[in-house]
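Coordinate inspection notes
This is what each chain is made of:
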Amino acid sequence: MSERLVVHPLGGLESIGTSACLLDDGCTAILIDAGRGFPAAGSLLLPESPLLDEALPRLRAIFCTHGHYDHAAAVPLILEQAPQAEVIATRETLAFLQLRYGLAQGARVRAIGDGDEVCSGAFYARAHSVEHSVPGSLSWEIRRAVRAPLQRRFFVAAWLHT
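The paragraphs below set out a description of the structure included in this document. Values in this document were obtained by computation on a predicted structure and should not be read as measured data. (Residues numbered from 1 in each chain as written. Predicted model: local features only at pLDDT ≥ 70, side-chain atom pairs only at ≥ 80, totals over all residues. Heavy atoms only, no water.)

1. Let's talk about the overall build of the protein chain
A count of helices and strands for the protein chain gives 4 helices and 10 strands. From first element to last, N terminus to C terminus, the protein chain shows the α and β order β-β-β-α-β-α-α-β-α-β-β-β-β-β. Scored against the burial criterion, the 162 residues of the protein chain give a buried share of 48%. As displayed, the protein chain offers around 8100 Å² of accessible surface, 55% of which is attributable to carbon and sulfur atoms. (Helix = DSSP H or I, 4+ residues; strand = E, 2+ residues; numbered from the N terminus. Buried < 20%, exposed > 50% of the residue type's maximum accessible area, 1.4 Å probe, protein only. Areas by Shrake-Rupley, 256 points an atom, 1.4 Å probe, with all protein chains shown as cover.)

2. What about the nonpolar core?
Ranked by internal contacts, the top residues of the largest apolar core, which has 26 residues, are L31, L59, I62, V75 and L97. Elements represented by at least two residues in this core include exactly β2 (20-24), β3 (29-32), α1 (50-55), β4 (59-63), α3 (75-81), β5 (86-89) and α4 (91-101). Setting aside residues up to four positions removed in sequence, L97 forms contacts with C64, A72, V75, V87, G102 and L103. Formed by 14 residues, the second largest nonpolar core is a distinct cluster that contains L23, I30, I112 and V118. (Core = buried A, V, L, I, M, F, W, Y, C linked by side-chain atoms within 4.5 Å. Contact = heavy atoms within 4.5 Å.)

3. Concerning the environment of H8
Residue position: H8 is located in strand β1 (residues 6-11). Using a relative accessible area of 24% as the deciding quantity, one classes H8 as partly exposed. Sequence separation between H8 and L31 is 23 residues, and the spatial gap between their C-alpha atoms is 9.5 Å.

Take a look at the structure:
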């Protein structure tokens with residue numbers, strides 16, 4: 001495992017739309033949300049990102065907070081380029097991804113619920129149910145083990161829905 005960690009927000013910080021955050025340690029990459037921008041805003045896809053393009057072969061998981069367009073609509077598009085990635089979300093969000101955004105039946109998916117923990121490479125994630133306008137919404141607590149002499153440290157990020 002690398003000591004390097006890149007945290008790259010791909011959208012959702014300055015405006016509504018294209019919410020996504022890439023976490024990449026050089027061995028494993030994960031994505032929290034994969035939204036698309038709204039057509040009226042003129043942005044239909046995730047922003048072009050050399051970091052995302054470079055991380056796609058290492059992408060192990062997409063952690064979805066909920067099924068809204070600006071958080072989940074790009075999941076099928078990303079899976080076309082990274083079919084090895086697993087989509088991790090609640091049953092409600094997975095159903096929404098299949099019905100609304102065309103998530104392929106053969107896609108690797110894992111249904112989780114409140115308090116469930118998932119390991120993806122050096123990343124550990126715990127799901128936390130949150131109230132939102134769609135059922136099955138989550139926030140994610142992400143930890144990453146980091147090797148250090150005589151200790152283990154963790155990177156912790158809480159990614160909340162908006």
